[in-house]
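Reading the structure
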Amino acid sequence: MNRIETKFKELKKKKKTALIPFITAGDPDLKTTKALVLEMEKRGADIIELGIPFSDPIADGPTIQEADIRSLKHRTSLKDALDLVKELRKKTEVPLVLMTYYNLLYKYGIKRFVAQAKRSGVDGVIAADLPVEEASELKRYARKSNLNTIFLASPTSPSQRLKLIAKESRGFIYYVSLTGVTGAREELAKDLIFSLRRLKRLTNKPIAVGFGISKPEHIRKIRRYADGAVVGSAIVSVVEKNLKSKDLVKKVGDFVQRLAQSCY
Amino acid sequence: MLPNKKGYFGEFGGRFVPETLMSALEELEKAYSSAKKDKGFQKELKYYLSQYAGRPTPLYFAQKLTKKLGGARIYLKREDLCHTGAHKINNTLGQGLLTKRMGKKRVIAETGAGQHGVATAVAAALLGLECEIYMGTKDIRRQSLNVFRMKLLGSKVIPVKSGSRTLKDAINEALRDWVTNIRTTHYLLGSTVGPHPYPVMVRDFQSIIGKETREQILKQEDRLPDYLVACVGGGSNSLGLFHSFYRNKRVKFIGVEAAGRGIKTGKHSSPLLAGSIGILHGSESYLLQDKDGQIRETHSIAPGLDYPGVGPEHSFYKRSGRAKYVPVTDKEALKAFLLLAQTEGITPALESAHALAYVVKLAPKLSKNKVIIINLSGRGDKDVHIVAEALGVQL
């Protein structure tokens, strides 16, 4: 078992929903990212997703696109993120998931990526544009190293695909709450609860819901039907609004704490 | 050449997209494969291609150009004479009819030069579909005539300000729209790029170019050509011409990539000549990227070629050696543009002028009994502003 699987087990006993915040590595710089990870853990984050910026993030809305641009200004790379995780592992055991687009992994070399991710202390990986059908190479190496491959399931996935996604996912299944790109939304998708119940019936693996989840009340509404909530753009917005503030890390921490309180 | 079940030409292609798009791609693949076999669909498409788009287009023997270059006999496949002024309509009519067949009422598209945008807007008007076109703001500025045409045709043009503000970013934004409106919308992709089944489907819709060319050259020369030459951006006009000759190994395929200011300057759009293998916009293919896998900015005087990727079938052709790829710079393309205008009275699109520019170098080296066919994929009216600017003329 790796850190993600252990964490979900532990939370299940406590009847707590996993809070999974997302930030873009290197936004605005790697030093801040490191401080943010530690702060978010302290404030109640259970698993943390680190985005590796890509020049063409087709699954992301404007908030994360802008974060990627800020991070790419100083050319944050996959290697930087792996080094950052290695650093973080001296201080924390919080499960860490890298989220990116497949070209960055492909260019780095899948075998090399998996080996170094594992060595650095990465627990899971998500590639937003990698459906299960194309993931055989990543799966092959990741399975051997016990690096969790987390796949996305979406409202347009028919049952047959959902079953396949559930079967191939390790750690958790990432359910995309809506048809669309990442970004904070006012309301949850109307069919979300229905879809989560459908997915629950097909699998015993933990389900985390992301895309659009942006406030405590969203988490409260889904927590009976999902095991975790991923909050990305809403947190990145707090980073964006406080780029010039000395309190950036604290402000993000405050927001994460509010979200964490809705997970019990 | 058919891709395998997963949409791979050799090792290139596939379907690298967010999960949300997967079921729509499966639906499209099914709809396309049933339409392909459906005589009614084919008949309807044929009707529109001939009665509406003006097919077949002529295969014109460029006598004066041949004489001037003093070598091989040069023919021009006149796709510039299609309705809307480029080959793009072959594909938009096909996908437009397919959209109706799938019961979708809205199409979106990306455009660089505006040719695919106009051809999509035309098909949408004709078939009664709602239409929104994504276009980078840099291209909106340099192809303003086409932007206005799209609007006149009842389409909405959505400016894309992100990234390099060209074709690549227009595709990103169209994909984001599609992920959002997947249930009601068909993404009418304009080139042989993207996730399976787009590369093979667009190639098939464009293969009418090569089918006609084959019949025409047999009639006019009583033989197959020695060379087929076409510009390669994403690859639709070139593959459209090449496809019907795939098995005739003596017919040489030459794909001309935009070398911009020169490959060495780094300011170009030549993924096959100067790129490496990676994944962009849904398929595995050659592309221009840095050592980390970030997509590089590109440059070409021809907006339709200003793209860091290329269709997977071209990558396969490169790998297998079936086609040869050559560079042509902005300057050479401009010179060829003027040459054709003044020898034959035809102003080609700057994209097509790249193919022509290579033939200017090739033809004199060949004997007079050799035959070259150039795909004159579009006309140059849209480019007069760029040409004027390049020549330092104020209009």
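Residues numbered from 1 in each chain as written. Chains lettered and ligands numbered in written order. Predicted model: local features only at pLDDT ≥ 70, side-chain atom pairs only at ≥ 80, totals over all residues. Heavy atoms only, no water.

Digging into the overall build of chain B
Assigned secondary structure in chain B consists of 16 helices and 14 strands. The globule rule puts the C-alpha radius of gyration for 395 residues at 21 Å, and the 19 Å found for chain B is close to it. Each principal axis of the C-alpha atoms in chain B carries an extent, and together these give about 55 × 45 × 40 Å. Out of the 395 residues in chain B, the part that is buried amounts to 66%. Sequence separation of 24 or more characterises 74% of the internal contacts of chain B that already satisfy a separation of 6 or more. A total of about 14,300 Å² of accessible surface is found on chain B, and carbon and sulfur atoms cover 53% of it. When the 59 positive and 36 negative side-chain charges of chain B are each reduced to one mean point, those points stand 5 Å apart. (Helix = DSSP H or I, 4+ residues; strand = E, 2+ residues; numbered from the N terminus. Rg over C-alpha atoms; globule rule 2.2 N^0.38 Å. Buried < 20%, exposed > 50% of the residue type's maximum accessible area, 1.4 Å probe, protein only. Contact = heavy atoms within 4.5 Å. Areas by Shrake-Rupley, 256 points an atom, 1.4 Å probe, with all protein chains shown as cover. Lys, Arg positive; Asp, Glu negative; His and termini not counted. Charge placed at Lys NZ, Arg CZ, Asp CG, Glu CD.)

Here we look at the overall build of chain A
Looking only at helices and strands, one finds twelve helices and nine strands in chain A. The globule rule puts the C-alpha radius of gyration for 264 residues at 18 Å, and the 17 Å found for chain A is close to it. With the C-alpha coordinates aligned to their principal axes, the bounding extent of chain A is approximately 45 × 40 × 35 Å. The proportion of buried residues among the 264 residues of chain A is 63%. Here the contacts in chain A between residues at least 6 apart in sequence split such that 73% fall between residues at least 24 apart. For chain A, the computed accessible surface area is about 10,700 Å², with 51% contributed by carbon and sulfur atoms. If the 51 positive side-chain charges of chain A are averaged to one point and the 30 negative ones to another, these points end up 5 Å apart.

Things to note about the side chain of R176 of chain B
Examined against the element boundaries, R176 of chain B turns out to sit in helix α8 (residues 167–180). A distance of 3.0 Å separates a polar atom in the side chain of R176 of chain B from the backbone oxygen of D60 of chain A. When sequence neighbours within four positions are dropped, the list of residues in contact with R176 of chain B reads P57, I58, D60, Q65 and V181 of chain A. (Polar contact = N/O pair within 3.5 Å; in protein donor to acceptor, adjacent residues only side chain to side chain.)

Focus: the sheet that holds strand β14 (residues 371–376) of chain B
All names here are of chain B. Reading across the sheet, the six strands line up as β3-β4-β14-β9-β10-β13 and stay open at both edges, with mixed pairing between neighbours. Lying at the two open borders of the sheet, with one neighbouring strand each, are β3 (59–61) and β13 (323–329). On average, adjacent strands in this sheet sit at an angle of 25 degrees to one another, irrespective of strand direction. Sheet topology places strand β9 (residues 227–231) next to β14; three bridges connect them, and they run parallel. Across the sheet, V229 pairs through a bridge with I374, a residue of β14. Sitting on the sheet, helix α14 (residues 330–344) touches β3, β4 (73–78), β10 (252–260), β13 and β14, and the angle it makes with β13 is about 90 degrees. (Pairing = 2+ DSSP bridges. Axes fitted to C-alpha atoms, helices over the stretch in contact; angles between N-to-C directions.)

Notes on the pattern of salt bridges
Summed over the entire model, instances satisfying the criterion amount to 51 salt bridges over all chains. Residue D56 of chain A pairs with K168 of chain B through a salt bridge whose shortest N-O separation is 2.8 Å. With D56 of chain A in the loop between β2 (48–51) and α3 (62–72) and K168 of chain B in helix α8, this residue pair bridges two chains. Of the two residues, D56 of chain A and K168 of chain B, neither departs from the other in class, the shared state being buried. For D226 of chain B, the salt bridge is made with R223 of chain B, and the minimal N-O distance between the two is 2.5 Å. (Salt bridge = Lys/Arg side-chain N within 4 Å of Asp/Glu carboxyl O.)

Some points on the sheet that holds strand β5 (residues 106–111) of chain B
Where strands meet in a sheet, backbone hydrogen bonds hold them as pairs that are either parallel or antiparallel. All names here are of chain B. The four strands are arranged β7-β6-β5-β8 in an open sheet whose pairing can be described as parallel. Looking along the sheet, the strands with just one partner apiece sit at the ends: β7 (156–160) and β8 (185–187). Here the strands of the sheet are splayed against their neighbours by 25 degrees on average, with no regard to which way each runs. Sheet contacts for helix α5 (residues 115–127): β5 and β6 (130–136); angle to β5, the most-contacted strand, approximately 165 degrees.

A look at the interface of chain A and chain B
At the junction of the two partners, chain A supplies 38 residues and chain B supplies 38 residues. Among the residues chain A hides against chain B, the three largest losses belong to I58, K107 and E134 of chain A. Together they make up 21% of the total. Counting the contacts that link chain A with chain B gives four salt bridges. In this structure, R161 of chain A and E19 of chain B form a salt bridge, with 2.8 Å as the shortest nitrogen-oxygen distance. Along the contact surface separating chain A from chain B lie 25 residue pairs in polar contact (both at pLDDT 80 or more). Contributing elements (two or more residues each) for the side of chain A that touches chain B: α3, α5 (102–108), β6 (152–153) and α8 (159–168) of chain A. (Buried area = accessible area lost by both parts, 1.4 Å probe.)

A look at the pairing of strand β3 (residues 96–100) of chain A
Taken residue by residue, a regular strand's side chains alternate between the two faces of the sheet. Residue and element names in this part refer to chain A. Most of β3 sits out of view: five of its five residues are buried. Neither face of β3 is exposed, since L96, L98 and T100 on one face and V97 and M99 on the opposite face are all buried. In terms of strand pairing, β2 meets β3 through four bridges, oriented parallel. Its bridge partner being in β3, I48 is matched across the sheet by L96. Two strands pair when backbone bridges link them, and β3 and strand β4 (residues 124–127) are joined in this way by four bridges, in the parallel orientation. Bridge pairing links T100 to A127 in β4.

Focus: the confidence of the model for chain B
Averaged over all residues, the pLDDT of chain B equals 97, while 100% of them reach at least 70. Of the two predicted TM-score estimates for the complex, the pTM is 0.97 and the ipTM is 0.96. (pLDDT = per-residue confidence, 0-100.)

Details of helix α10 (residues 208–221) of chain B
Given 3.6 residues per helical turn, the α-helix brings residues three or four places apart onto the same face. Residue and element names in this part refer to chain B. For α10, with 14 residues, the first-to-last C-alpha span of 20 Å sits near the 20 Å given by 1.5 Å per residue. When we look at burial in α10, the residues that qualify are I209, G210, E212, T213, Q216, I217 and E221. All buried residues of α10 project into a common sector of 155 degrees when viewed along the axis, lining one side. In α10, the exposed positions that point more than 90 degrees away from the buried face belong to E215 and K219. Turning to α10, the residues buried within the fold contact β3, β4, α4 (88–101), α9 (198–206), α11 (236–242) and β14. Phi for D222, located one or two positions after α10, is positive at around 60 degrees. (Expected span 1.5 Å × (residues − 1). Arc of directions from axis to C-beta.)

Observations concerning the nonpolar core
One finds F113 and Y174 of chain A to be the most contacted residues of the largest nonpolar core, which totals 156 residues. Take this core: its biggest share by element is eight residues, from helix α1 (residues 19–37) of chain B. Judged by nonpolar contacts, the second largest core, of 39 residues, contains Y227, I346, A353 and V359 of chain B. (Core = buried A, V, L, I, M, F, W, Y, C linked by side-chain atoms within 4.5 Å.)

Quick word on empty space enclosed by the protein
All names here are of chain B. Taken as a whole and assessed by the stated rule, the structure comprises seven cavities of 30 Å³ or more. Volume-wise, the largest cavity comes out at about 360 Å³. Taken together, 29 residues form the lining of the largest cavity, with H87, K88, G304, L305 and E351 sitting closest to its centre. For the lining of the largest cavity, the secondary structure elements donating two or more residues are β5, α5, α8, α11 and α15 (350–362). A per-class count over the lining of the largest cavity returns nine nonpolar, 17 polar and three charged. (1 Å grid on protein atoms, 1.4 Å probe; cavity = no way out; pocket = protein on both sides within 12 Å on 5 of 7 lines; lining within 4 Å. Points joined across faces, edges and corners; volume = space filled by probe spheres on them. Nonpolar A, V, L, I, M, F, W, Y, C, P; charged D, E, K, R; others polar.)

Description of the environment of A123 of chain B
Residue and element names in this part refer to chain B. Tracing the backbone shows A123 in helix α5. For the pair A123 and N248, spaced 125 residues apart in the sequence, the C-alpha separation amounts to 34 Å. If sequence neighbours within four positions are ignored, A123 has contacts with T92 and L93.

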